[in-house]
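A structural walkthrough
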Amino acid sequence: MSQQAGKGVFLSFREQRRLDVAHQVLRAELTVEQAAKKLGLSEKQTGRIVKKVRELGVLGVRHGNRGRVPANKTPDEVKRLAIDLLREDYYDFNLTHFLEKLEAEHALTLCHETVRLWALAEGLVKRAKKIRR
């Protein structure tokens, strides 16, 4: 854990490595070219990282979207509604049929994979029966 402005900052191993290499460049122990080879990045990207570390310190190596909710995240109310409908009203439907009913009856369009992952997490996925040959 590194300290910055009195707050604890947790870095992943990769971020810590980038920070260490950026500090070596700032102390002129490495060139940007050498740092790029060490990190497995382009010189341009390595230069961006070094610039951000110079400006922001430790926070310069962290991704700018860390801690934010994804812009395309399905709202929790919609998720809860879909899971409740699948559990109570459409328990005997397969996922494709369920999604068709959601769109027709409830004007709700969701991605098949999203609903599959939700149902899997809730234990509502029915496995296809294996066909013996």
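Residues numbered from 1 in each chain as written. Predicted model: local features only at pLDDT ≥ 70, side-chain atom pairs only at ≥ 80, totals over all residues. Heavy atoms only, no water.

Our next topic: the packing of helix α1 (residues 13–26) against helix α2 (residues 32–39). Between α1 and α2, the shortest axis-to-axis distance is 10 Å and the interhelical angle comes to 165 degrees. Between α1 and α2, the angle falls in the class roughly antiparallel. Seen along the crossing, α1 lies across α2 with a hand that is right-handed. For the pair α1 and α2, the contacting residues are Arg 17, Arg 18, Val 21, Gln 24 and Val 25 in the first and Val 32, Ala 35, Lys 38 and Leu 39 in the second. Its residues assigned to classes, the contact of α1 with α2 shows five nonpolar, one polar and three charged. (Axes fitted to C-alpha atoms, helices over the stretch in contact; angles between N-to-C directions. Helix = DSSP H or I, 4+ residues; strand = E, 2+ residues; numbered from the N terminus. Parallel < 35°, antiparallel > 145°, perpendicular 65-115°, else oblique. Left-handed = near helix turned anticlockwise from the far one by under 90°. Contact = heavy atoms within 4.5 Å. Nonpolar A, V, L, I, M, F, W, Y, C, P; charged D, E, K, R; others polar.)

All right, on to the pattern of salt bridges then. Counted according to the given criterion, the structure contains nine salt bridges. Where Arg 87 meets Glu 122, a salt bridge forms, and the shortest distance between an N and an O atom there is 2.8 Å. With Arg 87 in helix α4 (residues 76–88) and Glu 122 in helix α6 (residues 112–122), this pair connects stretches of sequence that are 35 residues apart. According to the relative accessible area criterion, Glu 122 is partly exposed, its value standing at 31%. When the shortest N-O distance is used, the salt bridge between Lys 101 and Glu 105 registers 3.9 Å. Of this pair, Lys 101 and Glu 105 both sit in helix α5 (residues 95–106), separated by four residues, roughly a single helical turn. (Salt bridge = Lys/Arg side-chain N within 4 Å of Asp/Glu carboxyl O. Buried < 20%, exposed > 50% of the residue type's maximum accessible area, 1.4 Å probe, protein only.)

Our next topic: unusual backbone geometry. Located in the positive-phi region is Ala 28, a residue other than glycine, with phi close to 65 degrees. Along the chain, the position of Ala 28 falls in the loop between α1 and α2. In this structure Ala 28 comes out as exposed when scored by relative accessible area, which is 68%. Phi is positive for Ala 107, which is not a glycine, with a value near 50 degrees. Its relative accessible area of 69% is what places Ala 107 among the exposed residues.

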